[in-house]
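A look at the structure
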Amino acid sequence: MTDIDPTVRAVEAVLFASPDPISVDSIRAHVGVGRGGGDIRSALEQLEAQYRGRGITLVRRGDRWHFQTAPDLAHLLRRDREEARRLSRAAIETLAIIAYHEPVSRAEIEAIRGVAISKGTLDVLMEAGWVRPAGRREVPGRPLIYATTPAFLQHFGLTSRRDLPGLEDLRAAGLLDPVDLALERLGDEDMPDGEAHSDGEDGD
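Calculation criteria
- Numbers given for residues are sequential positions, taken from 1 along each chain in its written order.
- Reporting of local features is limited, given that this is a predicted model, to residues whose pLDDT is at least 70; pairs of side-chain atoms are given and counted only at 80 or more, and all residues count toward the totals for whole chains, interfaces and linings.
- Excluded from the side-chain calculations are hydrogens and water; all other atoms, namely the structure's heavy atoms, are used.
- What counts as a salt bridge is simple: a side-chain nitrogen of Lys or Arg found within 4 Å of a carboxyl oxygen of Asp or Glu.
- In this description a helix means any DSSP run of H or I spanning at least four residues, a strand means any run of E spanning at least two, and both kinds are numbered starting from the N terminus.
- Partly exposed describes any residue whose relative accessible area lies between the buried limit of under 20% and the exposed limit of over 50%, with all areas from a 1.4 Å probe on protein chains only and scaled to the type maximum.
- Two N or O atoms count as a polar contact when they lie within 3.5 Å, although within protein this holds only if one can serve as hydrogen donor and the other as acceptor, and sequence-adjacent residues are included solely when both atoms are side-chain atoms.
- In this description, a line fitted to the C-alpha atoms serves as the axis of each element, helices being fitted only across the stretch in contact, and the angle between N-to-C directions of two axes falls anywhere from 0 to 180 degrees.
- Angles below 35 degrees are treated as roughly parallel, those above 145 as roughly antiparallel, those between 65 and 115 as roughly perpendicular, and all remaining angles as oblique.
- The contact rule is simple, with two residues in contact once any of their heavy atoms fall within 4.5 Å.
- Three residue categories are used. Nonpolar comprises Ala, Val, Leu, Ile, Met, Phe, Trp, Tyr, Cys and Pro, charged comprises Asp, Glu, Lys and Arg, and polar comprises the others, including Gly.
- Pairing between two strands requires that DSSP report at least two bridges joining them.
- As used here, the arc is the angular range of directions from the helix axis to the C-beta atoms.

Notes on the pattern of salt bridges
Pairing is possible between side chains of opposite charge, provided their charged atoms come close. In the structure shown here, the tally under the stated rule is seven salt bridges. The partner of E93 in a salt bridge is R89, with the nearest N and O atoms 2.7 Å apart. Of this pair, E93 and R89 both sit in helix α5 (residues 89-101), separated by four residues, roughly a single helical turn. Relative accessible area serves as the criterion here: at 10%, E93 is assigned to the buried category. A relative accessible area of 48% places R89 in the partly exposed class. Note that E93 and R113 form a salt bridge whose closest N and O atoms lie 2.8 Å from each other. One end of the pair, E93, is in helix α5; the other, R113, is in helix α6 (residues 106-113), with 20 residues separating them in the sequence. Here the residues in one salt-bridge network are R89, E93 and R113, joined through shared partners.

Overview of the side chain of E93
Within the local environment of E93, its side chain forms a polar contact with the side chain of R89, the two groups lying 2.7 Å apart. Of the polar contacts made by the side chain of E93, one reaches the side chain of R113; its length is 2.8 Å.

Overview of the packing of α5 against helix α7 (residues 119-127)
With their axes 10 Å apart at the nearest point, α5 and α7 run at an angle of 70° to one another. Considering the angle they form, α5 stands roughly perpendicular to α7. Each of A90, A91, T94, L95 and I98 in α5 lies in contact with α7, whose residues at this interface are T121, L122 and L125. Its residues assigned to classes, the contact of α5 with α7 comprises six nonpolar, two polar and no charged.

As for the pairing of strand β2 (residues 56-61)
The two faces of the sheet receive side chains in turn, since in a regular strand these alternate between them. Summarising the sheet, β2 and strand β3 (residues 64-69) pair through six bridges and their orientation is antiparallel. When the sheet's bridge partners are listed, R60 is paired in β3 with W65. Between β2 and β3, which pair antiparallel and follow one another directly, the connecting turn spans two residues, one of which, G62, has a positive phi of 70°.

Considering α7
Along α7, the residues classified as buried are T121, L122 and L125. Taken down its axis, α7 places every buried residue within 95° of arc, on the same side. Facing away from the buried side of α7, by more than 90 degrees, are the exposed residues K119 and E127. Where α7 is buried, its residues contact α5, α6, β6 (131-136) and β7 (144-148).

A closer look at unusual backbone geometry
In this structure, the amide linkage connecting E102 to the following residue, P103, adopts the cis form with an omega of -10°. Topologically, P103 is positioned in the loop between α5 and β4 (104-105). With a phi close to 40°, R142 is a non-glycine residue in the positive phi region. With respect to the element layout, R142 can be found in the loop between β6 and β7. We classify R142 as partly exposed; its relative accessible area is 40%.

Side note on the environment of S118
By secondary structure assignment, the location of S118 is in the loop between β5 (115-116) and α7. S118 gets classed as buried once you look at its relative accessible area, which sits at 7%. Once the C-alpha coordinates of S118 and R106 are considered, the two residues, 12 residues apart in sequence, prove to be 9.2 Å apart.

Printed below as a string of structure tokens:
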């Protein structure tokens, strides 16, 4: 039997036992090697190569790692009855704005959408585990700002936010609508003065 690096075996065991994607620091806390994380990262690279093309693969989501079923085999494990999570248009637009502009405040989201949003819209996204509070903006009033989570990357199959489709990709696919155009203009034009209007969907 070929000898296997004990660190690789330990990292593999930690990843296998973890119910959620896990960071290098958390893995190191379990394994207890490599103060700078070098040994852990090397082990992760070895495992990623070893599992490439197999029934399960090792993938990175942001700064976290986990095993998952190979994408081309996922249909074998999918249950016949799935409960779909349906988001309102307001929630979808809000999630897109946060993903592309994080960290972003509620007022900034409303400026981009051009309509007011209720706290309930953000609550839905946080309950889904895709959005989190990310501190407060150091400006008068210190508004709360929001960002996406590792679960957002995991759900949408993204390694990082750099994998989000660009505006050119969205335009080519015919997916741009007024809110997307507002995203494109943001930074090039000043938003018009005046209060945001309610879209009727986000009543407090």
